[in-house]
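# Observations on the model geometry
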2 protein chains.
Amino acid sequence: MFLDIKLNGDSPIYLQVKNYIKDMILKGMFQGGEKLPSTRELSIVLKVSRNTIITAYEFLEDEGFICIKKGKGTFINELHLNKQEKWCLDWSNRINKYAVSSEKLDIMKHELQYKKGMISFKSIAPDESLFNIEDFKRAFLNRISLEGNRLLNYGYAKGYKPLIDELLVYMTKKGVDIKDKDILITNGFTEGFDLTLASLTNEGDTILTENPTHNTAIKLMKLHGLNIIGISMEEDGMNVNDLISKLNANCNVKLAYIIPSYHNPTGIVMSSQKRVEIYNIFKKYKIPIIEDGFNEELRYSGSHIAPIAAISGEGNSVIYAGSFSKILFPGIRIGWILADKKLISVMESVKRSRNIHTSFLDQAVFYEYLKEGSFEKYLKKVRREYKEKYKFAVQCIKKYIPCECIYGEGGIHLFIKLKEINSREVLRKCYSRNVIFTAGDIFYVDESGKDTFRLGIGRNTKEQIEEGFKIIGEVIKDMT
Amino acid sequence: MFLDIKLNGDSPIYLQVKNYIKDMILKGMFQGGEKLPSTRELSIVLKVSRNTIITAYEFLEDEGFICIKKGKGTFINELHLNKQEKWCLDWSNRINKYAVSSEKLDIMKHELQYKKGMISFKSIAPDESLFNIEDFKRAFLNRISLEGNRLLNYGYAKGYKPLIDELLVYMTKKGVDIKDKDILITNGFTEGFDLTLASLTNEGDTILTENPTHNTAIKLMKLHGLNIIGISMEEDGMNVNDLISKLNANCNVKLAYIIPSYHNPTGIVMSSQKRVEIYNIFKKYKIPIIEDGFNEELRYSGSHIAPIAAISGEGNSVIYAGSFSKILFPGIRIGWILADKKLISVMESVKRSRNIHTSFLDQAVFYEYLKEGSFEKYLKKVRREYKEKYKFAVQCIKKYIPCECIYGEGGIHLFIKLKEINSREVLRKCYSRNVIFTAGDIFYVDESGKDTFRLGIGRNTKEQIEEGFKIIGEVIKDMT
């Protein structure tokens, strides 16, 4: 005993000694009543200080594994482990419909996965090398020294108050009237959208959305058992004729879900005029709008376009779901819902029931980062970078990829429509040549879009873009 | 214009200038086409450097509010805000049953709230002054310098791999056999429990639990539309006769939910023998167990008691929900589910659909903190502190509060049963004397427990405990 213990520099020595002994007890190598070597003896055997062993023993006593009897020595306690005969269930019979659907709709489990060495256009995550980590570190240290203890204890379901106030001002600067409105902090857009559907819809309800649209949103609408009506897209957003005819054909539409800026996956920005037009159509049909503020911050050019939440003025019929995830720190999962005060109050209770609140540490650091102007500084930098990359990618598509249409006008992804070529087949062939992207059909609410695909370029170098697009182009040319 | 701008030290000057101009544009004080002062002129007026103004103008151009024409000057863009006529909905008609129940069951909205200056025994949160912030800061700085950029980008639904591995070892040290099991990281216990019910139960299913039990768990069971069967408690945990008779009377129990250690609210620790006994009963009736590891880490004395997950050995019928929240950093919301590998894989998809993943930054810092031994060091410190406080509180109850029974044997809360006195009435009277605690009825799944209450002592000084308990005792004496 104790001869096979290997002490290393990974964690404190007393902890390694403690864990070694605990392991032995749990494995039955030390039995109840057995005497352990004295702290002096063991310190000599292990060539560590006696204090180290004393600390290790104290921990073991605290955890109830040993008993230190003064003047008599240290003894192993009886261990009541009592492992019982194996009893196994078949969980697959016990999982409900919702869980089964969650797995079925989980594209991470069904789509081709990135492998090391590939050129990947799958992700629309930001380029992490652009993150200004030093600013983030400073924000953390500032906040933690101001109110560290408090931040690590329980917070409030609605969110960290200074962040809420900061975001309310931020929304005002987008032209939104915040009177009688409020904000709920969520774990990113995804939770915000899920909470909204969970609070407002019932199985069998109908929801209206752009077609194609954000795959995560489609998944959530399906998981909530909603009927989805897709409205076709044109150059400046939803096709209004299609919208009106579908509204006339379906009298019970409960909600609309719209991504007006840098729409995912098409990258289309809905024009100001169209925003007003569709707002008034929904108003006429009394259908509230969930506006996804996705990548709104990432505009490269043109004049300011107000979100639909701003167009609605003092009205309370738009639920705005915001997030900086797609451009800034997706890893810390912070988003928000801006909506009618009373609705936010109800959703606050739903949020509390589900996970108490979003990490207060993250919210506070995020707040500090915004307040210090680091976000604006970062935005300025990435806008320039992404704009250049975007332009370059468009050139490369024109040069290499024969297609019917390149959608969109910015963002960090491009959406391509081919001339009657199945994009999954293209993907399969590209994959064998170490290039991967996202087949477009997963963004469609019907069976269409089989000739489309999305190219995320945020994390790629220009060289990768050129090389990858060349390969995609070659594959397509081979197929025509 | 520009005369009313007040520059302060709160955020960078260029940002304040930018926001001032943006505000003016949004308020219609600057009209489209209007010319802004030159950067030189404005820098003189505001007494700031010209570069500050240049930066502010660049930001405004980036955001599309102004247009800088070389040699001509800087002009306000046309603003397409187009606020429409007010359209208001009555959201209360549009909220579904689930959201209504969430609000109805939200005790934060219906119970008496703490007011400044009160002595509060409401909370069972830890004492934040015991947090070792310096260790936490070091953990953050270490992790962020090792892999900061990566941590802030998207992670994985299942969790941060090093943390999962660390927790698997941690569970092994509790005696759990981890073969064919896996871990899902959740936003605290609450999300873990919600995800479990969401994946395994359907409306109308029956679940069995200790009575009383954790209020958040009751809320979630009700929100999932479950029938709840409560089993009465005795000194060493569930009453076995009550359990068997209720199992015989209800043939379709789907799941059991149990808090074997420092049970909330009673503080009772289920004995080793009873753990084995009830495990075998559930096995006989083929009912899987959700084991809430609540405050298991906070034992003060006695020998090690293995969790039920350890008793089940190689079996896969126990779902263990762990969290350090109640003792360590509740604010960062990290918990975990340890269960059968296949079940975890399904729940991973459910988790992904709901919020992509738990903050990777928090997980990584938490991992570092565990690995460095800071958690064990912290535990050692708080165990001593809380043990002393607990003993003192028990003495004070005996001295001041006439009651039928003090439940439990540790933790940072006490549960009291009065002699046929309504605890809500006691609470009301104490409240007017600036003392607040939690009425016990919210922990019961039936109409009982009206003569009970919970006293959380984690955050109180000894002086507050003595003074507060004295007042509670006086109120009770007045009522008898």
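Residues numbered from 1 in each chain as written. Chains lettered and ligands numbered in written order. Predicted model: local features only at pLDDT ≥ 70, side-chain atom pairs only at ≥ 80, totals over all residues. Heavy atoms only, no water.

## Points about the packing of helix H10 (residues 240–249) of chain A against helix H11 (residues 272–284) of chain A
All names here are of chain A. For the pair H10 and H11, the least separation of the axes is 11 Å and the interaxial angle reads 5 degrees. Classified by the angle their axes make, H10 and H11 are roughly parallel. Mapping the contact onto sequence places Val240, Leu243, Ile244 and Leu247 in H10 and Lys274, Glu277, Ile278, Ile281 and Phe282 in H11. Each residue belonging to the contact of H10 with H11 can be placed in one class, and the counts come to seven nonpolar, no polar and two charged. (Axes fitted to C-alpha atoms, helices over the stretch in contact; angles between N-to-C directions. Helix = DSSP H or I, 4+ residues; strand = E, 2+ residues; numbered from the N terminus. Parallel < 35°, antiparallel > 145°, perpendicular 65-115°, else oblique. Contact = heavy atoms within 4.5 Å. Nonpolar A, V, L, I, M, F, W, Y, C, P; charged D, E, K, R; others polar.)

## A word on the relation of the copies chain A and chain B
Expressed as a screw operation, the relation of chain A to chain B combines 0.0 Å of axial shift with a rotation of 180 degrees, fitting to an RMSD of 0.0 Å. On the angle and the small slide along the axis, the relation comes out as a two-fold axis. Looking at the interface residues of chain A, 100% of them are also at the interface in chain B, so both copies use one shared face. (Least-squares fit on C-alpha atoms with pLDDT ≥ 70 in both.)

## Some details on the packing of aromatic side chains
Two aromatic rings are characterised by how far apart their centres lie and by the angle between their planes. Summed over the entire model, instances satisfying the criterion amount to 47 aromatic pairs over all chains. With a centroid separation of 5.2 Å and an interplanar angle of 80 degrees, the aromatic rings of Phe131 of chain A and Phe329 of chain A are classed as edge-to-face. Within this pair, whereas Phe131 of chain A is found in the loop between strand S4 (119–120) and helix H6 (133–152), its partner Phe329 of chain A is found in the loop between strand S11 (318–323) and strand S12 (335–340), the two being separated by 198 residues in sequence. Phe329 of chain A matches Phe131 of chain A in its accessibility class, with the two residues each being buried. Aromatic rings pair up to connect Phe131, Phe136, Phe140, Phe329, Tyr369 and Tyr378 of chain A together with Phe131, Phe136, Phe140, Phe329, Tyr369 and Tyr378 of chain B into one cluster. (Phe/Tyr/Trp six-rings, centres within 6.5 Å; stacked < 30°, edge-to-face > 60°. Buried < 20%, exposed > 50% of the residue type's maximum accessible area, 1.4 Å probe, protein only.)

## A closer look at the pairing of strand S2 (residues 66–69) of chain A
When S2 of chain A meets strand S3 (residues 73–76) of chain A, the two strands line up antiparallel, connected through four bridges. Opposite Ile68 of chain A, over in S3 of chain A, you have Thr74 of chain A as the bridge partner. (Pairing = 2+ DSSP bridges.)

## Structural notes on the domain arrangement of chain A
When cut into domains, chain A gives domain 1 (13–76), domain 2 (111–129 + 382–479) and domain 3 (131–372). Look at where the C-alpha atoms of domain 1 of chain A and domain 2 of chain A centre, and you get two points 60 Å apart. (Domains from an automatic or database assignment.)

## Thoughts on the interface of chain A and chain B
Listed as interface residues are 134 residues of chain A and, on the opposing side, 134 residues of chain B. For the chain A and chain B pair, buried surface summed over both sides reaches about 11800 Å², with 56% attributable to carbon and sulfur atoms. Of all residues in chain A, Trp87, Trp91 and Lys173 of chain A bury the most surface against chain B, accounting for 8% of the area lost on that side. Between the two partners, chain A and chain B, sit 14 salt bridges. The shortest N-O distance in the salt bridge between Asp106 of chain B and Arg352 of chain A comes to 2.4 Å. Linking chain A to chain B there are 55 residue pairs in polar contact (both at pLDDT 80 or more). Here the element with the most residues in the side of chain A that touches chain B is H6 of chain A; it accounts for eleven residues. In terms of residue class, the side of chain A that touches chain B is built from 50 nonpolar, 41 polar and 43 charged. (Buried area = accessible area lost by both parts, 1.4 Å probe. Salt bridge = Lys/Arg side-chain N within 4 Å of Asp/Glu carboxyl O. Polar contact = N/O pair within 3.5 Å; in protein donor to acceptor, adjacent residues only side chain to side chain.)

## Brief notes about the nonpolar core
Core analysis: the largest hydrophobic core is formed by 203 residues, its most contacted members being Phe136, Phe282 and Trp336 of chain A together with Phe136, Phe282, Trp336 and Phe375 of chain B. Apart from the residues within four sequence positions on either side, Phe282 of chain A is in contact with Leu208, Met238, Leu243, Ala256, Ile258, Ile287 and Ile289 of chain A together with Trp87 of chain B. (Core = buried A, V, L, I, M, F, W, Y, C linked by side-chain atoms within 4.5 Å.)

## Side note on helix H7 (residues 161–172) of chain A
All names here are of chain A. Over its twelve residues, H7 extends 17 Å from the first C-alpha to the last, a length consistent with the 16 Å expected when each residue adds 1.5 Å. Within H7, the full set of buried residues consists of Leu163, Ile164, Leu167, Leu168, Tyr170 and Met171. Seen end-on, H7 carries its buried residues on one side only, within an arc spanning 160 degrees. The inward-facing, buried residues of H7 contact strand S5 (181–186), S11, S12, helix H14 (360–371) and helix H15 (374–400). (Expected span 1.5 Å × (residues − 1). Arc of directions from axis to C-beta.)

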